[in-house]
Amino acid sequence: MSRIATPRRVAPQRSADLNEITSIPGPNDLNVPPSDLLEYTICLYGTKGIGKTTLASSIPNSIVAMFEPLRKNLPIRQLPFRCYDVTQIRDEGKPDAWLQFKSFIDKCENDNTVQCIIGDTVDRIYDACLTHHCVVEGVRHPGGLNDFGKLWAVIKDDFEKTLNSIRDMGKGLILISHTKESDIEVVTGGKAVQYGPSCSGAALKYLKAACDYAFFYGYTASQERCLHLRGYENIWTACGVPNHFIS
């Protein structure tokens, strides 16, 4: 009488581990920075009314996500977003600017006429994100919660992932802001005044981490418009790509 063969246990095929690094770059495998300016994330901030939006929108195939109110005077390609407060969205049924902004980004992904998205201003875009999550959580402001910063973290993550998604889809990203003075610590241990973007601390932290370039658009002593790129201790700028904008 023949024996019945028992099935042999076979270990399941293990898929490639996405977290495993298979090799590291060699000594001569250097990163080559892109030559196209729109491959970089840009912060453009400066004096109110100097022409930051007009300058940025002069880039071909760009579109402005216009969060600044009453900017219909500019003959540029723009889509306006009106920001309402928590009560207006929750109780009066007003549109949620943050959800509209995310829908706008989704539609831009497959639109070849859009190669660069300009956020005007990053201040109001962050505020729209904050307001949206306050509506979702049923609170007026995250500061009133005793949740150990949980809601602040959710807002931060959504804000960063949404803006990063623009770069992930291969579009240029320019974020506009106004100017404010801030106290900074200097090497000597004292404090000095520095000009920087007017956005909230959380949005500014994103700008400093994500932007390859930060340009200040202001006036010279003779009242001429001037784009500051580097070299000023009292003005925050970033020009982190070698051989670009040397002077």
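Residues numbered from 1 in each chain as written. Predicted model: local features only at pLDDT ≥ 70, side-chain atom pairs only at ≥ 80, totals over all residues. Heavy atoms only, no water.

What follows covers the pairing of strand E5 (residues 172-177). Among the 6 residues that make up E5, 6 are buried, leaving the element largely enclosed by the rest of the structure. Burial of the side chains of E5 extends over both faces: Gly172, Ile174 and Ile176 are buried on one face and Leu173, Leu175 and Ser177 on the other. Relative to E5, strand E1 (residues 41-46) runs parallel, the two being bridged by 5 bridges. Along E5, the bridge assignment pairs leucine 44 with isoleucine 176. Of the strand pairs in this sheet, strand E4 (residues 116-120) and E5 are connected by 5 bridges, and their pairing is parallel. Across the sheet, aspartate 120 pairs through a bridge with isoleucine 176, a residue of E5. (Buried < 20%, exposed > 50% of the residue type's maximum accessible area, 1.4 Å probe, protein only. Helix = DSSP H or I, 4+ residues; strand = E, 2+ residues; numbered from the N terminus. Pairing = 2+ DSSP bridges.)

Membership of the largest hydrophobic core comes to 45 residues, with the highest contact counts inside it found for Phe67, Phe101, Phe104, Phe159, Leu163 and Leu207. Element by element, the count of residues in this core is highest for helix H4 (residues 122-137), at 8 residues. For phenylalanine 159, the residues in contact, after removing those within four places along its chain, are Trp98, Val122, Ile125, Tyr126, Cys129, Ala203 and Tyr206. (Core = buried A, V, L, I, M, F, W, Y, C linked by side-chain atoms within 4.5 Å. Contact = heavy atoms within 4.5 Å.)

Estimated volume of the largest pocket: approximately 290 Å³. In terms of lining residues, the largest pocket is bounded by 13 residues, among which Glu68, Pro69, Leu70, Pro80 and Phe81 are the most central. Counted by class, the lining of the largest pocket contains 7 nonpolar, 1 polar and 5 charged residues. (1 Å grid on protein atoms, 1.4 Å probe; cavity = no way out; pocket = protein on both sides within 12 Å on 5 of 7 lines; lining within 4 Å. Points joined across faces, edges and corners; volume = space filled by probe spheres on them. Nonpolar A, V, L, I, M, F, W, Y, C, P; charged D, E, K, R; others polar.)

This next bit is on the pattern of salt bridges. For the structure shown, the criterion picks out 6 salt bridges. Note that aspartate 158 and lysine 102 form a salt bridge whose closest N and O atoms lie 2.9 Å from each other. Placement of aspartate 158 in helix H5 (residues 150-168) and of lysine 102 in helix H3 (residues 97-109) is noted, with a sequence separation of 56 residues between them. Across the salt bridge formed by lysine 156 and glutamate 160, the nearest N and O atoms sit 3.5 Å from each other. In this pair, lysine 156 and glutamate 160 are both assigned in helix H5, 4 residues apart and thus about one turn of the helix distant. One continuous salt-bridge network, built from bridges that share partners, spans Lys48, Glu68 and Arg124. (Salt bridge = Lys/Arg side-chain N within 4 Å of Asp/Glu carboxyl O.)

Here the focus is the packing of aromatic side chains. Within the structure shown, the criterion is met by 12 aromatic pairs. A ring pair is formed by phenylalanine 67 and phenylalanine 101, whose centres lie 5.5 Å apart and whose planes are at 80°; its orientation type is edge-to-face. Here the residue phenylalanine 67 occupies a position in the loop between strand E2 (62-66) and strand E3 (78-80), and phenylalanine 101 occupies one in helix H3, the gap between them amounting to 34 residues. Taken as a pair, phenylalanine 67 and phenylalanine 101 share a single burial class, namely buried. Ring pairs connect the aromatic residues Phe67, Phe81, Trp98, Phe101 and Phe104, which therefore count as one cluster. For lysine 208, the ring lying beneath its charged end belongs to tryptophan 236, and the centroid distance is 5.6 Å. (Phe/Tyr/Trp six-rings, centres within 6.5 Å; stacked < 30°, edge-to-face > 60°. Lys NZ or Arg CZ within 6 Å of the ring centre and 35° of its normal.)

What follows is about H5. Over its 19 residues, H5 runs 26 Å from end to end, which matches the ideal 27 Å to within 8%, given 1.5 Å per residue. Taken residue by residue, H5 has Leu151, Ile155, Asp158, Phe159, Thr162, Leu163, Ile166 and Arg167 as its buried positions. Buried residues in H5 make contact with E1, H3, E4, H4, E5 and helix H6 (201-210). Backbone geometry just downstream of H5 places glycine 170 in the positive-phi region, at approximately 90°. (Expected span 1.5 Å × (residues − 1).)

Let's shift gears to the packing of H4 against H5. Between H4 and H5, whose axes approach to 10 Å, the crossing angle comes to 130°. Considered as vectors, H4 and H5 are oriented oblique to each other. By crossing handedness, the relation of H4 to H5 is classed as right-handed. Seen from H4, the contacting residues are Val122, Ile125, Tyr126, Cys129, Leu130, His133 and Glu137; seen from H5, they are Leu151, Trp152, Val154, Ile155, Asp158 and Phe159. A breakdown of the residues in the contact of H4 with H5 according to their chemical character gives 10 nonpolar, 1 polar and 2 charged. (Axes fitted to C-alpha atoms, helices over the stretch in contact; angles between N-to-C directions. Parallel < 35°, antiparallel > 145°, perpendicular 65-115°, else oblique. Left-handed = near helix turned anticlockwise from the far one by under 90°.)

What follows covers the packing of H3 against H4. Where H3 contacts H4, the axes come no closer than 7 Å and their chain directions differ by 115°. The segment H3 lies against H4, with Ala97, Trp98, Leu99 and Phe101 engaging Ile125, Ala128, Cys129 and His132. Looking at the contact of H3 with H4 residue by residue, the class counts come to 7 nonpolar, 1 polar and no charged.

What follows deals with the environment of glycine 172. Summarising the element assignment, glycine 172 is placed in strand E5. The sequence separation of glycine 172 and isoleucine 117 amounts to 55 residues, and the corresponding C-alpha distance is 6.0 Å. The contact partners of glycine 172, leaving out residues within four places of it in the chain, are Leu38, Gln115, Cys116, Ile117, Ile166 and Arg167.

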